[in-house]
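An overview of the molecular structure
Chain by chain, the residues run as shown.
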Amino acid sequence: PDGTRLAIGTENGTAGVWSVSTHERLVTYDGPTSAVTALAFTPNGKSTLSASNDGIARIWRGGGAAQALLTFPGLIYQAALNGSTLEVPQHGATGTVVWSVRLPQDQVTQTTLGGARSGLLSPDGRFLLSAATTISSSPQPAGAVDIWSVAEGRIVDRLAPAVVGPATFSYDDTRVALIDGGTS
């Protein structure tokens, strides 16, 4: 969160944290056995979240041993920590299911975002940015970018660039940056 460390995961299941300034490995995470597909720091920077192709999300506090292991159905491509809640979106043909796991009790709830076939979870897990193509059952018009509230399961804002390119959230979730692929 402060820009001094970088979390890196690989296809062979290794993950760790490196110093941006010295390029030294600070921490090695032992545990993932398949490709690491997502990494995120907690907002306070004290813990790291990893997700991998084996459907397991791991929360690492400090050293190299995972403190929490959570298994989800299917592949995990992204995950975020919203305070003490782990948010894991899984995308499908009919929409996106966001699994919310309250830690440490492991209370699981799910929210279905029906029109979002794919998307990007905000760093704190509160929002999903959906730039998916329009499908017949989707309320999303062609070219729209929807911002979904994960807690409410609904669209809270809609952006309308000409052609959607790559998009991302700012680190503090106050802005969305996207590339408008239309003519300028």
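1. Side note on the overall build of the chain
Each helix and strand in the chain was counted, giving zero helices and 17 strands. Out of the 184 residues in the chain, the part that is buried amounts to 42%. Sequence separation of 24 or more characterises 31% of the internal contacts of the chain that already satisfy a separation of 6 or more. Summed over its atoms, the accessible surface of the chain is roughly 9,500 Å², and 54% of this surface lies on carbon and sulfur atoms.

2. What about the layout of surface pockets?
As a volume, the largest pocket reaches approximately 640 Å³. Lining the largest pocket are 26 residues, with Ala40, Phe41, Pro123, Asp124 and Tyr171 sitting closest to its centre. Those elements that provide at least two residues to the lining of the largest pocket are strand S1 (5–9), strand S4 (36–41), strand S12 (120–121) and strand S16 (164–169). When residues in the lining of the largest pocket are grouped by element, the largest group, five residues, is from S4. For the lining of the largest pocket, the residue count by class is 16 nonpolar, six polar and four charged.

3. Topic: the sheet that holds strand S14 (residues 145–149)
In any sheet, the strands associate via hydrogen bonds between backbone groups, in a parallel or an antiparallel arrangement. Taken in spatial order, the four strands make up an open sheet running S12-S13-S14-S15, and their pairing is antiparallel. The sheet terminates laterally at S12 and strand S15 (154–159), the two strands that pair on one side only. The pairing of strand S13 (residues 127–130) with S14 spans four bridges and is antiparallel. Residue pairing for S14: Ser130 is matched across the bridge by Asp146.

4. Quick notes on the nonpolar core
Counting 15 residues, the largest nonpolar core has Leu49, Phe72, Leu86, Val88 and Leu103 as the members making the most contacts within it. Going through the elements one at a time, strand S5 (47–52), strand S6 (56–61), strand S9 (85–92) and strand S10 (95–102) are the ones with two or more residues in this core. Among residues more than four places away in sequence, those in contact with Phe72 are Gly55, Ala57, Leu86, Val88, Gln90, Trp99 and Val101.

5. Description of the sheet that holds strand S11 (residues 107–113)
Strand order in the open sheet formed by four strands is S8-S9-S10-S11, with antiparallel pairing between adjacent strands. A strand with exactly one partner marks an edge of an open sheet, and here the two such strands are strand S8 (80–82) and S11. Ignoring strand direction, the axes of neighbouring strands in this sheet form an average angle of 30°. In this structure, S8 lies alongside S9, joined through three bridges in antiparallel fashion. In the sheet register, Leu81 faces S9, and the bridge partner there is Leu86.

6. Details of the pattern of salt bridges
Scanning the model with the defined rule gives three salt bridges in all. With its nearest N and O atoms 3.4 Å apart, the salt bridge here joins Asp54 to Arg58. Relative accessible area serves as the criterion here: at 27%, Asp54 is assigned to the partly exposed category. In this structure, Arg154 engages Glu152 in a salt bridge whose closest nitrogen and oxygen atoms are separated by 2.5 Å. The exposure class of Glu152 is partly exposed, given its relative accessible area of 49%.

7. Remarks on the pairing of S4
Relative to S5, S4 runs antiparallel, the two sharing five bridges. Along S5, the bridge assignment pairs Ala40 with Leu49. Counting the residues between successive antiparallel strands, the hairpin from S4 to S5 contains five residues, one of them, Gly45, with a positive phi of roughly 75°.

8. Considering the confidence of the model for the chain
A low pLDDT score tells you not to read the predicted coordinates there in detail. The share of residues in the chain with pLDDT of 70 or more is 77%, and the mean pLDDT across the chain is 76. For residues 132–136, every residue scores under 50 in pLDDT, and the model assigns this stretch nine contacts once sequence neighbours within four places are set aside.

About the thresholds
The numbers attached to residues start from 1 for each chain and follow its sequence in the written order. Predicted model: local features are reported for residues with pLDDT of at least 70 only, side-chain atom pairs are reported and counted for 80 or more only, and whole-chain, interface and lining totals are derived from all residues. Values shown for side chains rest on all heavy atoms present in the structure; no hydrogens or waters enter the calculation. Going along the chain from the N terminus, every DSSP run of H or I of four or more residues is numbered as a helix, and every run of E of two or more is numbered as a strand. We call a residue buried when its accessible area falls under 20% of the maximum for its residue type, exposed when it is over 50%, and partly exposed in between, using a 1.4 Å probe and counting protein chains only. Residue contacts follow a heavy-atom distance rule, with two residues in contact if any of their heavy atoms lie within 4.5 Å. Computed with a 1.4 Å probe, the accessible areas rest on the Shrake-Rupley method; for each residue, only the protein chains presented here act as cover. Using only the protein atoms, space was sampled on a 1 Å grid; points where a 1.4 Å probe fits but cannot get out form cavities, open sets with protein on both sides within 12 Å along at least five of seven lines form pockets, and lining residues are those with an atom within 4 Å of a point. Grid points are joined across faces, edges and corners, and a volume is the space filled by probe spheres set on the points. Classes in brief: Ala, Val, Leu, Ile, Met, Phe, Trp, Tyr, Cys and Pro nonpolar; Asp, Glu, Lys and Arg charged; the others, Gly included, polar. One bridge is not enough; two strands pair if DSSP finds at least two bridges between them. Here, the term nonpolar core denotes a set of buried Ala, Val, Leu, Ile, Met, Phe, Trp, Tyr and Cys residues that are joined through side-chain atoms within 4.5 Å. To obtain each axis, a line is fitted to C-alpha atoms, and for helices this fit is confined to the stretch in contact; angles are then taken between N-to-C directions over 0 to 180 degrees. By definition, a salt bridge exists where a carboxyl oxygen of Asp or Glu is found within 4 Å of a side-chain nitrogen of Lys or Arg. One confidence number per residue, pLDDT, is output by the predictor and ranges from 0 to 100.

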